[in-house]
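Read off the chains here:
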Amino acid sequence: GAGVSQSPRYKVAKRGQDVALRCDPISGHVSLFWYQQALGQGPEFLTYFQNEAQLDKSGLPSDRFFAERPEGSVSTLKIQRTQQEDSAVYLCASSPGGRVGSSEQYFGPGTRLTVT
Amino acid sequence: SQQGEEDPQALSIQEGENATMNCSYKTSINNLQWYRQNSGRGLVHLILIRSNEREKHSGRLRVTLDTSKKSSSLLITASRAADTASYFCATRGFQKLVFGTGTRLLVSP
């Protein structure tokens, strides 16, 4: 079956541009997560949705980062006025359950953002 | 910030050998998970061990957990070139996963 998909796979933005990254989770998955992975590091949590509700955005590094999931399925991560330090791979993951301690997360292939 | 650290940072072995990587973490956990990441398949869940378990097996994978030392190890037996990847441990904080820094494993034919 279809896994988590993300688009675009690669994005080059000039400093100061806005970008929008899309995530299509596995159909029916309640939970959706965004992570940021810098080169040579492990993924770091950005934000979490349960259906359309954004329950945790503690990992968003600044108010230039904004995420939404208006209908509880597709999610968009938007970065305004991109900076060079935003260059990273942005990973989306989904999981079936909404309760604490539920199952593993299924990751998409990521979007590699390069800010020049 | 990263929850834990993997050790070693990089590991290079020959096919058929065993690979052991270690993970240390900082806070109390309900479970600890191991993930593999390579360029072909992205980040893939390998195995989950709960805090009340000490050892778990899945195919060629063996995971141990020592909650008193806040550490876990992943053993891959009879390694294959296809095992070449980065391996991360991850602990669960509320819903989010908190990843370690990763071990880069290279398995040479």
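If you're wondering where the values come from, they're calculated on a predicted model, not measured in any experiment.

(A) Spotlight on the overall build of chain B. The secondary structure content of chain B amounts to 0 helices and 11 strands. The helix and strand sequence of chain B, counted from the amino end, reads β-β-β-β-β-β-β-β-β-β-β. For chain B, whose C-alpha radius of gyration is 13 Å, the value lies close to the compact-globule estimate of 13 Å for 109 residues. Structurally, chain B occupies a C-alpha span of about 40 × 25 × 20 Å along its principal axes. Here chain B holds 109 residues, and the buried ones make up 49% of them. Pairs at least 24 apart in sequence give 53% of the contacts found in chain B among residues at least 6 apart. As displayed, chain B has an accessible area near 5,200 Å², and 45% of this comes from carbon and sulfur atoms. Of the side chains in chain B, 14 bear a positive and 9 a negative charge, and the two mean positions are spaced by 8 Å.

(B) Representation of the pairing of strand S5 (residues 42-50) of chain B in the model. Residues and elements named next belong to chain B. Judged by how many residues are buried, S5 sits mostly within the fold: 8 of 9 residues are covered. Taken together, the 8 bridges between strand S4 (residues 31-38) and S5 define a ladder with antiparallel strand orientation. Looking at the pairing, Leu32 lines up with Ile49 of S5.

(C) Spatial organisation of the environment of Leu91(A). As for its placement among the helices and strands, Leu91(A) is situated in strand S9 (residues 88-95). Separated by 46 residues in the primary sequence, Leu91(A) and Phe45(A) have C-alpha atoms spaced 9.3 Å apart. If near-sequence neighbours (up to four positions away) are discounted, Leu91(A) is found in contact with Gln6(A), Phe33(A), Trp34(A), Tyr35(A), Gln37(A), Pro43(A), Phe107(A), Gly108(A), Pro109(A), Gly110(A), Gln37(B) and Leu43(B).

(D) Just unusual backbone geometry, in detail. Residue Pro8(A) follows Ser7(A) across a cis peptide bond; omega there is -10°. The topology assignment puts Pro8(A) in the loop between strand S1 (5-7) and strand S2 (10-13). Omega for the peptide link from Asp7(B) to Pro8(B) comes to 0°, which places this bond in the cis form. As for its placement among the helices and strands, Pro8(B) is situated in the loop between strand S1 (5-7) and strand S2 (10-14). Of note, the phi angle at Asn51(A) is positive, near 55°, even though the residue is not glycine. In this structure, Arg81(A) is a non-glycine residue whose phi angle is positive, near 50°. For Arg81(A), the position within the fold is in the loop between strand S8 (75-79) and S9.

(E) Inspection of the packing of aromatic side chains at higher detail. Per the stated rule, a full pass over the model turns up 10 aromatic pairs over all chains. Ring-pair connections join several aromatic residues into one group, and the members of that group are Phe33(A), Tyr35(A), Phe45(A), Tyr48(A), Phe107(A), Tyr35(B), Phe88(B) and Phe99(B).

(F) Seen up close, the state of the cysteines. Under the definition given, this model contains 2 disulfides over all chains. Residue Cys23(A) pairs covalently with Cys92(A) via a disulfide, S to S 1.8 Å. Residues Cys23(A) and Cys92(A) share a disulfide whose torsion about the S-S bond is about -65°; that sign makes it left-handed. Highlighted residues: Cys23(A) in strand S3 (residues 19-24) and Cys92(A) in strand S9, separated in sequence by 69 residues. In terms of burial, Cys23(A) and Cys92(A) fall into one category: buried. Each disulfide pairs two cysteine sulfurs, and for Cys23(B) the partner residue is Cys89(B), the sulfurs being separated by 2.0 Å. One quick way to see it: the torsion about the S-S bond of Cys23(B) and Cys89(B) is about 70°, and its sign makes the bridge right-handed. Of this pair, Cys23(B) sits in strand S3 (residues 19-24) while Cys89(B) is found in strand S9 (residues 85-93), placing the two residues 66 residues apart along the sequence.

(G) Region of interest: the sheet that holds S3(A). Residues and elements named next belong to chain A. The strand order S1-S3-S8-S7 describes an open sheet built from 4 strands, whose pairing is antiparallel. Of all the strands in the sheet, just S1 and strand S7 (65-68) have a single pairing partner and so form its edges. Strand-to-strand, the axes of this sheet are offset by a mean angle of 15°, without reference to chain direction. The pairing of S3 with S8 spans 5 bridges and is classified as antiparallel. The residue bridging Val19 from the neighbouring strand is Ile79, located in S8.

(H) Local environment of the nonpolar core. In terms of nonpolar packing, the biggest core is built from 21 residues, with Met21(B), Leu32(B), Trp34(B), Leu74(B), Ile76(B), Tyr87(B) and Leu105(B) touching the most fellow members. Leu21(A), Ile26(A), Leu46(A) and Leu77(A) belong to the second largest nonpolar core, which has 20 residues in total.

(I) Inspection of the pairing of S7(A) at higher detail. Residues and elements named next belong to chain A. Going residue by residue along S7, you find Phe65 and Ala67 tucked away on one face and Phe66 and Glu68 left uncovered on the opposite face. Bridge count for S7 against S8 is 4 bridges, and the pairing is antiparallel. Residue pairing in the sheet places Phe65 in a bridge with Ile79 of S8. Counted along the chain from S7 to the antiparallel partner S8, the turn is 6 residues long, and its residue Gly72 has a positive phi close to 75°.

Conventions we followed
Residues numbered from 1 in each chain as written. Chains lettered and ligands numbered in written order. Predicted model: local features only at pLDDT ≥ 70, side-chain atom pairs only at ≥ 80, totals over all residues. Heavy atoms only, no water. Helix = DSSP H or I, 4+ residues; strand = E, 2+ residues; numbered from the N terminus. Rg over C-alpha atoms; globule rule 2.2 N^0.38 Å. Buried < 20%, exposed > 50% of the residue type's maximum accessible area, 1.4 Å probe, protein only. Contact = heavy atoms within 4.5 Å. Areas by Shrake-Rupley, 256 points an atom, 1.4 Å probe, with all protein chains shown as cover. Lys, Arg positive; Asp, Glu negative; His and termini not counted. Charge placed at Lys NZ, Arg CZ, Asp CG, Glu CD. Pairing = 2+ DSSP bridges. Phe/Tyr/Trp six-rings, centres within 6.5 Å; stacked < 30°, edge-to-face > 60°. Disulfide = S-S within 2.5 Å. Axes fitted to C-alpha atoms, helices over the stretch in contact; angles between N-to-C directions. Core = buried A, V, L, I, M, F, W, Y, C linked by side-chain atoms within 4.5 Å.

In short, geometric facts, not functional conclusions.
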